[in-house]
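Descriptive structure summary
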Amino acid sequence: MNNPQKSGNGLFSPVKLGLFVHWGLYAIPGWHEQHQYRLRVPRAEYGKLMHEFNPVKFNPEAWLDRAQATGMEYLTFTAKHQDGFCMWHTQQTDFHIGNTPYRRDIFGELATACHRRNFPLCVYYCVVDNHHPNYTNRGIGHELPRPVAGDEPDVLKYAEYMKAQARELCSNYGPLATFWWDVNSDLKHHDPGINEMIRQLQPDILINDRGMSDGDFSTMERHWAPELEGELAFTKKMEACDSIGVESWGWRKDEDYFTTKYLCQRIDLALAKGGNYLLNAGPMADGTFPDVAVQMLNEIGAWYGKVKESLAGTQPASNLTENRSVLLTRRGDTLYVHLNPEPNSSRVVLSPLTQIPLRAILLNDGRTVDCRVELLPSTHVKQEKVLRLCNLPAAEYAGSVMVVRLDFESLDAAIALGNSRDTVAADRAKVM
Ligand code: GLC
(Lines give C-alpha, C1' and ligand atoms only; values in the text may rest on other atoms or scores of the structure.)
Protein backbone atom coordinates (compact mmCIF):
# COMPACT_ATOMS: atom_id res chain seq x y z
CA MET A 1 0.00 0.00 0.00
CA ASN A 2 1.14 3.53 -0.68
CA ASN A 3 2.34 5.44 2.28
CA PRO A 4 -0.33 8.13 2.58
CA GLN A 5 2.23 10.52 4.01
CA LYS A 6 4.32 10.18 0.88
CA SER A 7 1.59 10.10 -1.72
CA GLY A 8 -1.57 12.15 -1.70
CA ASN A 9 -3.25 9.43 -3.74
CA GLY A 10 -2.78 7.02 -0.87
CA LEU A 11 -5.40 9.04 0.92
CA PHE A 12 -8.11 7.97 -1.53
CA SER A 13 -7.00 4.50 -2.51
CA PRO A 14 -8.09 2.45 -0.72
CA VAL A 15 -11.04 4.61 0.25
CA LYS A 16 -11.06 5.90 3.81
CA LEU A 17 -13.02 7.37 6.62
CA GLY A 18 -11.48 10.52 8.10
CA LEU A 19 -12.14 12.72 11.11
CA PHE A 20 -13.00 16.34 10.47
CA VAL A 21 -12.46 18.60 13.47
CA HIS A 22 -13.94 22.10 13.65
CA TRP A 23 -12.44 23.82 16.64
CA GLY A 24 -11.72 27.40 17.57
CA LEU A 25 -12.88 30.28 19.76
CA TYR A 26 -16.48 29.48 18.82
CA ALA A 27 -16.31 26.43 21.11
CA ILE A 28 -16.59 28.83 24.08
CA PRO A 29 -20.13 30.03 23.36
CA GLY A 30 -20.83 26.56 21.92
CA TRP A 31 -23.42 27.49 19.34
CA HIS A 32 -22.01 27.42 15.80
CA GLU A 33 -18.62 27.74 14.12
CA GLN A 34 -19.95 30.91 12.46
CA HIS A 35 -21.03 32.38 15.77
CA GLN A 36 -19.79 35.87 14.98
CA TYR A 37 -21.38 36.00 11.56
CA ARG A 38 -24.66 34.22 12.26
CA LEU A 39 -25.38 36.09 15.49
CA ARG A 40 -24.18 39.41 14.01
CA VAL A 41 -21.66 39.82 16.82
CA PRO A 42 -19.45 42.90 16.42
CA ARG A 43 -15.90 41.93 15.54
CA ALA A 44 -14.35 43.57 18.59
CA GLU A 45 -16.73 41.78 20.93
CA TYR A 46 -16.16 38.38 19.33
CA GLY A 47 -12.41 38.97 19.45
CA LYS A 48 -12.54 39.08 23.26
CA LEU A 49 -13.02 35.31 23.23
CA MET A 50 -9.33 35.06 22.42
CA HIS A 51 -8.53 36.11 25.99
CA GLU A 52 -10.67 33.30 27.39
CA PHE A 53 -9.58 30.38 25.23
CA ASN A 54 -7.73 27.97 27.46
CA PRO A 55 -8.34 24.35 26.44
CA VAL A 56 -6.37 22.78 29.25
CA LYS A 57 -7.60 19.28 28.42
CA PHE A 58 -6.47 19.38 24.79
CA ASN A 59 -4.63 16.13 24.13
CA PRO A 60 -3.94 15.37 20.49
CA GLU A 61 -3.06 11.77 21.32
CA ALA A 62 -6.53 11.28 22.78
CA TRP A 63 -8.10 12.72 19.61
CA LEU A 64 -6.10 10.37 17.43
CA ASP A 65 -6.88 7.40 19.69
CA ARG A 66 -10.55 8.25 19.30
CA ALA A 67 -10.23 8.58 15.52
CA GLN A 68 -8.34 5.32 15.18
CA ALA A 69 -10.76 3.46 17.45
CA THR A 70 -13.49 4.56 15.01
CA GLY A 71 -11.53 3.16 12.07
CA MET A 72 -10.67 6.64 10.82
CA GLU A 73 -7.42 6.99 8.93
CA TYR A 74 -6.79 10.71 8.61
CA LEU A 75 -7.60 14.01 10.25
CA THR A 76 -8.66 17.33 8.74
CA PHE A 77 -8.33 20.26 11.10
CA THR A 78 -9.66 23.82 10.91
CA ALA A 79 -6.46 25.85 11.14
CA LYS A 80 -8.48 28.97 10.33
CA HIS A 81 -12.26 29.18 10.09
CA GLN A 82 -14.20 32.18 8.87
CA ASP A 83 -13.84 34.04 12.19
CA GLY A 84 -10.22 34.47 11.09
CA PHE A 85 -8.78 33.07 14.30
CA CYS A 86 -5.63 31.03 13.67
CA MET A 87 -4.97 27.84 15.58
CA TRP A 88 -1.23 28.01 14.89
CA HIS A 89 1.57 30.45 15.68
CA THR A 90 1.25 32.63 12.63
CA GLN A 91 3.43 35.65 12.01
CA GLN A 92 0.77 37.28 9.84
CA THR A 93 -1.74 38.41 12.49
CA ASP A 94 -2.03 38.75 16.24
CA PHE A 95 -5.35 36.94 16.16
CA HIS A 96 -3.91 33.51 16.95
CA ILE A 97 -3.60 30.83 19.58
CA GLY A 98 -0.26 32.15 20.82
CA ASN A 99 -2.08 35.17 22.24
CA THR A 100 -4.63 33.19 24.24
CA PRO A 101 -4.09 32.13 27.87
CA TYR A 102 -3.29 28.70 26.42
CA ARG A 103 -0.50 30.02 24.18
CA ARG A 104 0.57 26.64 22.78
CA ASP A 105 0.60 25.95 19.03
CA ILE A 106 -2.38 23.64 18.69
CA PHE A 107 -1.87 22.85 15.02
CA GLY A 108 1.79 22.17 15.74
CA GLU A 109 0.99 19.77 18.58
CA LEU A 110 -1.55 18.01 16.43
CA ALA A 111 0.98 17.72 13.61
CA THR A 112 3.61 16.25 15.93
CA ALA A 113 1.14 13.67 17.25
CA CYS A 114 -0.04 12.79 13.72
CA HIS A 115 3.46 12.39 12.34
CA ARG A 116 4.52 10.30 15.32
CA ARG A 117 1.97 7.67 14.34
CA ASN A 118 2.14 8.28 10.60
CA PHE A 119 -1.46 9.50 10.62
CA PRO A 120 -2.17 11.77 7.65
CA LEU A 121 -2.98 15.35 8.57
CA CYS A 122 -4.99 17.70 6.36
CA VAL A 123 -5.33 21.42 6.85
CA TYR A 124 -8.62 23.31 6.50
CA TYR A 125 -8.35 27.02 5.67
CA CYS A 126 -11.33 29.33 5.18
CA VAL A 127 -10.95 32.07 2.57
CA VAL A 128 -13.69 34.23 4.08
CA ASP A 129 -12.26 36.08 7.04
CA ASN A 130 -14.55 38.10 9.31
CA HIS A 131 -11.55 39.53 11.15
CA HIS A 132 -8.88 40.56 8.66
CA PRO A 133 -8.93 44.27 7.70
CA ASN A 134 -8.03 43.57 4.05
CA TYR A 135 -10.86 41.11 3.45
CA THR A 136 -13.38 42.75 1.14
CA ASN A 137 -16.62 42.34 3.07
CA ARG A 138 -19.50 43.02 0.67
CA GLY A 139 -22.27 41.04 2.33
CA ILE A 140 -21.91 38.10 -0.07
CA GLY A 141 -22.50 34.63 1.36
CA HIS A 142 -20.61 34.39 4.64
CA GLU A 143 -19.12 37.88 4.49
CA LEU A 144 -19.90 40.72 6.86
CA PRO A 145 -22.44 43.13 5.35
CA ARG A 146 -19.80 45.84 5.00
CA PRO A 147 -16.23 46.55 6.10
CA VAL A 148 -15.73 47.43 9.76
CA ALA A 149 -14.59 51.01 10.48
CA GLY A 150 -10.85 51.24 9.89
CA ASP A 151 -10.71 48.24 7.49
CA GLU A 152 -8.79 48.58 4.25
CA PRO A 153 -10.50 46.17 1.86
CA ASP A 154 -7.97 45.03 -0.73
CA VAL A 155 -8.27 41.69 -2.52
CA LEU A 156 -4.62 41.55 -3.54
CA LYS A 157 -3.32 42.36 -0.08
CA TYR A 158 -5.66 39.77 1.38
CA ALA A 159 -4.46 37.21 -1.17
CA GLU A 160 -0.89 37.92 -0.07
CA TYR A 161 -1.98 37.31 3.51
CA MET A 162 -3.52 33.95 2.58
CA LYS A 163 -0.44 33.02 0.62
CA ALA A 164 1.87 33.87 3.50
CA GLN A 165 -0.29 31.81 5.86
CA ALA A 166 -0.43 28.88 3.46
CA ARG A 167 3.37 29.11 3.25
CA GLU A 168 3.65 28.86 7.03
CA LEU A 169 1.27 25.92 7.23
CA CYS A 170 3.00 24.08 4.40
CA SER A 171 6.54 24.81 5.61
CA ASN A 172 6.50 24.42 9.36
CA TYR A 173 4.39 21.39 10.18
CA GLY A 174 5.76 18.45 8.19
CA PRO A 175 3.86 16.60 5.47
CA LEU A 176 0.24 17.54 4.89
CA ALA A 177 -2.06 15.18 3.00
CA THR A 178 -4.58 17.75 1.76
CA PHE A 179 -5.05 21.49 1.68
CA TRP A 180 -8.75 22.01 2.28
CA TRP A 181 -9.84 25.45 1.15
CA ASP A 182 -13.31 26.59 2.10
CA VAL A 183 -15.70 29.28 0.88
CA ASN A 184 -13.82 30.95 -1.92
CA SER A 185 -17.34 31.10 -3.35
CA ASP A 186 -17.73 34.60 -1.87
CA LEU A 187 -14.40 36.25 -2.67
CA LYS A 188 -13.94 34.29 -5.92
CA HIS A 189 -10.26 35.13 -6.02
CA HIS A 190 -8.52 32.72 -8.37
CA ASP A 191 -4.81 32.99 -7.98
CA PRO A 192 -3.18 29.80 -9.34
CA GLY A 193 0.08 30.97 -7.77
CA ILE A 194 -1.12 30.04 -4.29
CA ASN A 195 -1.82 26.42 -5.17
CA GLU A 196 1.45 26.27 -7.14
CA MET A 197 3.30 27.41 -4.06
CA ILE A 198 1.48 24.83 -1.92
CA ARG A 199 2.48 22.09 -4.36
CA GLN A 200 6.09 23.22 -4.39
CA LEU A 201 6.24 23.13 -0.62
CA GLN A 202 4.26 19.90 -0.32
CA PRO A 203 4.82 17.92 -3.53
CA ASP A 204 2.47 15.07 -2.56
CA ILE A 205 -0.39 17.15 -1.26
CA LEU A 206 -3.90 17.02 -2.72
CA ILE A 207 -5.90 20.25 -2.92
CA ASN A 208 -9.69 20.36 -2.74
CA ASP A 209 -12.08 22.16 -5.05
CA ARG A 210 -13.26 25.03 -2.85
CA GLY A 211 -10.25 27.28 -3.29
CA MET A 212 -8.14 28.75 -6.02
CA SER A 213 -8.78 26.16 -8.74
CA ASP A 214 -10.77 23.00 -9.49
CA GLY A 215 -8.29 21.11 -7.34
CA ASP A 216 -7.61 17.39 -7.13
CA PHE A 217 -10.78 16.21 -5.45
CA SER A 218 -14.38 17.26 -4.93
CA THR A 219 -16.12 17.82 -1.65
CA MET A 220 -19.78 17.06 -1.21
CA GLU A 221 -21.25 18.39 1.95
CA ARG A 222 -24.33 17.20 3.79
CA HIS A 223 -26.84 16.49 1.00
CA TRP A 224 -25.32 15.74 -2.35
CA ALA A 225 -26.42 16.99 -5.72
CA PRO A 226 -29.10 14.64 -7.11
CA GLU A 227 -26.88 13.55 -10.01
CA LEU A 228 -24.23 12.42 -7.53
CA GLU A 229 -26.76 10.61 -5.38
CA GLY A 230 -27.75 8.75 -8.52
CA GLU A 231 -24.23 7.85 -9.68
CA LEU A 232 -23.38 4.19 -9.16
CA ALA A 233 -19.67 5.01 -8.93
CA PHE A 234 -17.99 8.38 -8.66
CA THR A 235 -16.20 9.41 -11.79
CA LYS A 236 -13.79 11.70 -9.98
CA LYS A 237 -12.00 11.74 -6.67
CA MET A 238 -14.59 12.51 -4.03
CA GLU A 239 -14.59 13.23 -0.36
CA ALA A 240 -18.05 13.56 1.13
CA CYS A 241 -18.36 15.27 4.48
CA ASP A 242 -20.90 15.77 7.18
CA SER A 243 -21.05 16.60 10.85
CA ILE A 244 -22.53 14.46 13.60
CA GLY A 245 -24.60 17.52 14.48
CA VAL A 246 -27.50 18.65 12.34
CA GLU A 247 -26.93 22.38 12.87
CA SER A 248 -23.29 22.96 13.54
CA TRP A 249 -19.79 21.72 12.73
CA GLY A 250 -18.33 23.35 15.81
CA TRP A 251 -19.52 21.97 19.16
CA ARG A 252 -23.05 23.13 19.94
CA LYS A 253 -24.26 22.82 23.53
CA ASP A 254 -27.82 21.97 22.63
CA GLU A 255 -27.14 20.18 19.36
CA ASP A 256 -29.59 17.97 17.48
CA TYR A 257 -27.63 14.92 16.41
CA PHE A 258 -28.00 12.68 13.40
CA THR A 259 -28.77 9.06 14.14
CA THR A 260 -25.79 6.77 13.84
CA LYS A 261 -27.84 4.73 11.40
CA TYR A 262 -28.11 7.73 9.08
CA LEU A 263 -24.38 8.44 9.33
CA CYS A 264 -23.50 4.76 8.73
CA GLN A 265 -25.70 4.87 5.62
CA ARG A 266 -23.97 8.02 4.35
CA ILE A 267 -20.50 6.62 5.04
CA ASP A 268 -21.41 3.38 3.33
CA LEU A 269 -22.88 5.24 0.35
CA ALA A 270 -19.79 7.38 -0.19
CA LEU A 271 -17.26 4.60 0.25
CA ALA A 272 -19.22 2.06 -1.78
CA LYS A 273 -19.20 4.50 -4.70
CA GLY A 274 -15.45 4.90 -4.43
CA GLY A 275 -15.19 8.08 -2.37
CA ASN A 276 -13.82 8.99 1.04
CA TYR A 277 -15.94 10.25 3.92
CA LEU A 278 -14.94 12.93 6.36
CA LEU A 279 -17.05 12.84 9.50
CA ASN A 280 -16.93 15.92 11.68
CA ALA A 281 -17.14 16.32 15.43
CA GLY A 282 -16.44 19.53 17.30
CA PRO A 283 -14.53 19.43 20.59
CA MET A 284 -15.73 21.53 23.51
CA ALA A 285 -13.80 24.57 24.72
CA ASP A 286 -11.71 22.46 27.10
CA GLY A 287 -10.38 20.40 24.19
CA THR A 288 -12.35 17.19 24.79
CA PHE A 289 -15.14 15.69 22.74
CA PRO A 290 -18.59 15.69 24.34
CA ASP A 291 -19.85 12.32 25.60
CA VAL A 292 -22.48 12.14 22.88
CA ALA A 293 -19.79 12.43 20.18
CA VAL A 294 -17.73 9.73 21.87
CA GLN A 295 -20.72 7.45 22.01
CA MET A 296 -21.65 8.09 18.38
CA LEU A 297 -18.10 7.50 17.20
CA ASN A 298 -18.00 4.28 19.23
CA GLU A 299 -21.19 3.05 17.58
CA ILE A 300 -20.06 4.04 14.10
CA GLY A 301 -16.65 2.47 14.71
CA ALA A 302 -18.20 -0.79 15.91
CA TRP A 303 -20.22 -1.02 12.70
CA TYR A 304 -17.40 0.12 10.45
CA GLY A 305 -14.97 -2.39 11.96
CA LYS A 306 -17.29 -5.24 10.96
CA VAL A 307 -17.99 -4.07 7.40
CA LYS A 308 -14.77 -2.27 6.50
CA GLU A 309 -13.53 -5.12 4.31
CA SER A 310 -16.52 -4.47 2.02
CA LEU A 311 -15.42 -0.86 1.44
CA ALA A 312 -11.67 -0.35 1.75
CA GLY A 313 -9.83 -1.98 -1.12
CA THR A 314 -12.93 -2.89 -3.11
CA GLN A 315 -14.35 -1.51 -6.33
CA PRO A 316 -17.83 -0.09 -6.80
CA ALA A 317 -19.90 -2.75 -8.54
CA SER A 318 -23.52 -1.65 -8.23
CA ASN A 319 -23.82 -1.94 -12.00
CA LEU A 320 -23.82 -5.75 -11.60
CA THR A 321 -27.42 -5.74 -10.50
CA GLU A 322 -30.60 -4.07 -11.69
CA ASN A 323 -31.68 -3.72 -8.07
CA ARG A 324 -31.25 -0.03 -7.25
CA SER A 325 -32.13 -0.65 -3.60
CA VAL A 326 -28.71 -2.08 -2.81
CA LEU A 327 -25.11 -1.07 -3.40
CA LEU A 328 -22.51 -3.58 -4.53
CA THR A 329 -18.76 -3.59 -4.13
CA ARG A 330 -16.35 -6.18 -5.37
CA ARG A 331 -12.96 -7.62 -4.56
CA GLY A 332 -11.90 -10.45 -6.89
CA ASP A 333 -14.50 -13.21 -6.66
CA THR A 334 -16.18 -11.68 -3.67
CA LEU A 335 -19.24 -9.49 -4.03
CA TYR A 336 -20.46 -7.38 -1.14
CA VAL A 337 -24.13 -6.51 -0.94
CA HIS A 338 -24.81 -3.32 1.03
CA LEU A 339 -28.40 -3.10 2.20
CA ASN A 340 -28.42 0.64 1.86
CA PRO A 341 -30.99 2.18 2.00
CA GLU A 342 -32.54 0.06 4.71
CA PRO A 343 -34.40 -2.92 3.21
CA ASN A 344 -38.17 -2.91 3.46
CA SER A 345 -38.31 -6.70 3.74
CA SER A 346 -36.19 -9.64 4.79
CA ARG A 347 -35.03 -10.44 1.28
CA VAL A 348 -32.85 -9.03 -1.45
CA VAL A 349 -33.04 -10.00 -5.10
CA LEU A 350 -29.92 -9.58 -7.18
CA SER A 351 -31.07 -9.95 -10.77
CA PRO A 352 -29.63 -10.71 -13.21
CA LEU A 353 -27.31 -12.87 -11.08
CA THR A 354 -28.38 -16.50 -10.98
CA GLN A 355 -25.44 -18.26 -9.38
CA ILE A 356 -25.50 -19.57 -5.82
CA PRO A 357 -22.35 -18.33 -4.08
CA LEU A 358 -20.04 -20.71 -2.28
CA ARG A 359 -20.59 -18.78 0.92
CA ALA A 360 -22.89 -15.98 2.04
CA ILE A 361 -22.04 -14.26 5.29
CA LEU A 362 -23.62 -11.29 7.04
CA LEU A 363 -20.54 -9.25 7.93
CA ASN A 364 -22.28 -7.52 10.83
CA ASP A 365 -22.31 -10.70 12.91
CA GLY A 366 -20.86 -13.51 10.82
CA ARG A 367 -24.08 -15.47 10.40
CA THR A 368 -24.73 -17.44 7.23
CA VAL A 369 -27.30 -15.96 4.87
CA ASP A 370 -29.77 -18.17 2.99
CA CYS A 371 -29.40 -17.93 -0.78
CA ARG A 372 -31.70 -19.35 -3.41
CA VAL A 373 -31.86 -19.16 -7.17
CA GLU A 374 -35.42 -19.48 -8.30
CA LEU A 375 -38.36 -18.19 -10.26
CA LEU A 376 -40.43 -15.95 -8.03
CA PRO A 377 -44.10 -15.25 -8.50
CA SER A 378 -43.14 -11.69 -9.35
CA THR A 379 -40.71 -12.73 -12.09
CA HIS A 380 -43.21 -14.96 -13.91
CA VAL A 381 -43.74 -12.61 -16.83
CA LYS A 382 -40.17 -12.88 -18.01
CA GLN A 383 -39.88 -16.38 -16.60
CA GLU A 384 -36.55 -15.35 -15.09
CA LYS A 385 -34.80 -16.98 -12.19
CA VAL A 386 -33.17 -14.66 -9.69
CA LEU A 387 -30.60 -14.89 -6.93
CA ARG A 388 -32.50 -14.28 -3.71
CA LEU A 389 -30.93 -13.67 -0.32
CA CYS A 390 -33.59 -14.41 2.26
CA ASN A 391 -34.41 -14.47 5.97
CA LEU A 392 -32.23 -11.43 6.50
CA PRO A 393 -32.54 -10.05 10.05
CA ALA A 394 -33.90 -6.71 8.82
CA ALA A 395 -35.62 -5.80 12.08
CA GLU A 396 -32.58 -6.64 14.18
CA TYR A 397 -30.38 -4.35 12.10
CA ALA A 398 -32.91 -1.59 11.59
CA GLY A 399 -30.49 0.83 13.29
CA SER A 400 -27.53 -0.02 11.12
CA VAL A 401 -26.42 -1.02 7.63
CA MET A 402 -26.20 -4.71 6.84
CA VAL A 403 -23.55 -5.92 4.44
CA VAL A 404 -23.55 -9.46 3.05
CA ARG A 405 -20.40 -11.04 1.69
CA LEU A 406 -20.91 -13.42 -1.22
CA ASP A 407 -17.93 -15.56 -2.21
CA PHE A 408 -18.18 -17.02 -5.69
CA GLU A 409 -16.00 -19.62 -7.28
CA SER A 410 -15.74 -17.22 -10.20
CA LEU A 411 -17.61 -13.96 -10.02
CA ASP A 412 -16.94 -13.25 -13.69
CA ALA A 413 -18.51 -16.60 -14.63
CA ALA A 414 -21.48 -15.80 -12.37
CA ILE A 415 -21.92 -12.44 -14.11
CA ALA A 416 -21.71 -14.03 -17.54
CA LEU A 417 -24.23 -16.68 -16.55
CA GLY A 418 -26.60 -14.06 -15.18
CA ASN A 419 -26.34 -11.97 -18.30
CA SER A 420 -27.12 -14.92 -20.53
CA ARG A 421 -30.43 -15.46 -18.70
CA ASP A 422 -31.04 -18.75 -20.42
CA THR A 423 -31.29 -20.82 -17.30
CA VAL A 424 -34.97 -20.51 -16.54
CA ALA A 425 -36.46 -23.11 -18.76
CA ALA A 426 -34.34 -25.86 -17.31
CA ASP A 427 -35.58 -25.07 -13.86
CA ARG A 428 -39.21 -24.44 -14.58
CA ALA A 429 -40.04 -28.02 -13.92
CA LYS A 430 -38.63 -27.77 -10.40
CA VAL A 431 -40.82 -24.81 -9.55
CA MET A 432 -43.87 -26.61 -10.80
C1 GLC B 1 -20.50 24.35 5.94
C2 GLC B 1 -20.43 25.29 7.10
C3 GLC B 1 -18.99 25.66 7.37
C4 GLC B 1 -18.17 24.41 7.52
C5 GLC B 1 -18.26 23.61 6.26
C6 GLC B 1 -17.49 22.31 6.26
O7 GLC B 1 -20.23 25.01 4.76
O8 GLC B 1 -21.21 26.43 6.84
O9 GLC B 1 -18.92 26.44 8.52
O10 GLC B 1 -16.85 24.72 7.78
O11 GLC B 1 -19.61 23.27 6.08
O12 GLC B 1 -17.55 21.71 4.99
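Residues numbered from 1 in each chain as written. Predicted model: local features only at pLDDT ≥ 70, side-chain atom pairs only at ≥ 80, totals over all residues. Heavy atoms only, no water.

So, the overall build of the protein
The test is simple: Counting from the N terminus, the helices are the DSSP runs of H or I reaching at least four residues and the strands are the DSSP runs of E reaching at least two. All radius of gyration figures rest on C-alpha atoms, and the globule criterion is 2.2 Å times the number of residues raised to 0.38. Exposure is judged per residue with a 1.4 Å probe applied to protein chains only, and the accessible area is read against the type maximum: over 50% gives exposed, under 20% gives buried, and values in between give partly exposed. Between two residues, a contact is recorded if the distance between any of their heavy atoms is within 4.5 Å.
For the protein, the count of helices and strands is 12 helices and 16 strands. Its C-alpha atoms give the protein a radius of gyration of 25 Å, within 12% of the compact-globule value 22 Å for 432 residues. Once the C-alpha set of the protein is aligned to its principal axes, its extents read approximately 85 × 40 × 40 Å. Within the protein, buried positions represent 59% of all 432 residues. Residue pairs in contact within the protein that sit at least 24 positions apart in sequence constitute 69% of those at least 6 positions apart.

Brief notes about the sheet that holds strand 12 (residues 348-349)
Backbone hydrogen bonds are what pair the strands of a sheet, in a parallel or an antiparallel way. Condition: By this definition, two strands are paired if DSSP reports at least two bridges between them.
Taken in spatial order, the 3 strands make up an open sheet running 12-15-14, and their pairing is antiparallel. In this open sheet, the two strands that pair with only one neighbour each are strand 12 and strand 14 (370-375). Two strands pair when backbone bridges link them, and strand 12 and strand 15 (residues 385-390) are joined in this way by 2 bridges, in the antiparallel orientation. Residue V348 lies in a different strand from strand 15, and its bridge partner there is L389.

Thoughts on helix 10 (residues 291-307)
Selection rule: Any helix carries an expected span of 1.5 Å times its number of residues minus one.
Helix length check: helix 10 (17 residues) gives 25 Å between terminal C-alpha atoms against 24 Å at 1.5 Å per residue, within 8%. Contact partners of the buried residues in helix 10: strand 1 (17-21), helix 3 (60-69), helix 9 (260-272), strand 8 (276-281) and strand 16 (403-407).

Some details on the domain arrangement of the protein
Just so we agree on the cut-off: An automatic or database domain assignment provides the domain bounds reported here. What counts as buried area is the accessible surface, traced by a 1.4 Å probe, that two parts surrender upon association, with contributions from both included. We define a salt bridge as a side-chain nitrogen of Lys or Arg found within 4 Å of a carboxyl oxygen belonging to Asp or Glu. The nonpolar class holds Ala, Val, Leu, Ile, Met, Phe, Trp, Tyr, Cys and Pro. Asp, Glu, Lys and Arg form the charged class, and all remaining residues, Gly among them, are polar.
Under the domain assignment used here, the protein contains domain 1 (17-310) and domain 2 (315-431). The C-alpha-based centres of domain 1 and domain 2 are spaced at 40 Å. With both chains or domains summed, domain 1 and domain 2 bury close to 1600 Å², and 57% of this area falls on carbon and sulfur atoms. Of all residues in domain 1, the largest losses of buried area upon contact with domain 2 belong to L232, E309 and S310, amounting jointly to 36% of the total for that side. Between domain 1 and domain 2 we count 2 salt bridges in total. Of the charged contacts in the structure, one is a salt bridge between R405 and E309, with a shortest N-O distance of 2.7 Å. Examining the composition of the side of domain 1 that touches domain 2, we find that 6 residues originate from one element, helix 9, more than from any other. Among the residues making up the side of domain 1 that touches domain 2, the classes are represented as 7 nonpolar, 3 polar and 5 charged.

Side note on the pairing of strand 8
Burial analysis of strand 8 places 6 of its 6 residues in the buried class, the great majority of the element. Of the two faces of strand 8, the one carrying N276, L278 and N280 and the one carrying Y277, L279 and A281 are both buried. Strand direction decides the pairing type here: strand 1 and strand 8, joined by 5 bridges, are parallel. Paired with L19 across the two strands is L279, which belongs to strand 8. One ladder, built from 5 bridges, connects strand 7 (residues 238-243) with strand 8; its direction is parallel. Bridge assignment links E239 to a residue of strand 8, and that residue is N276.

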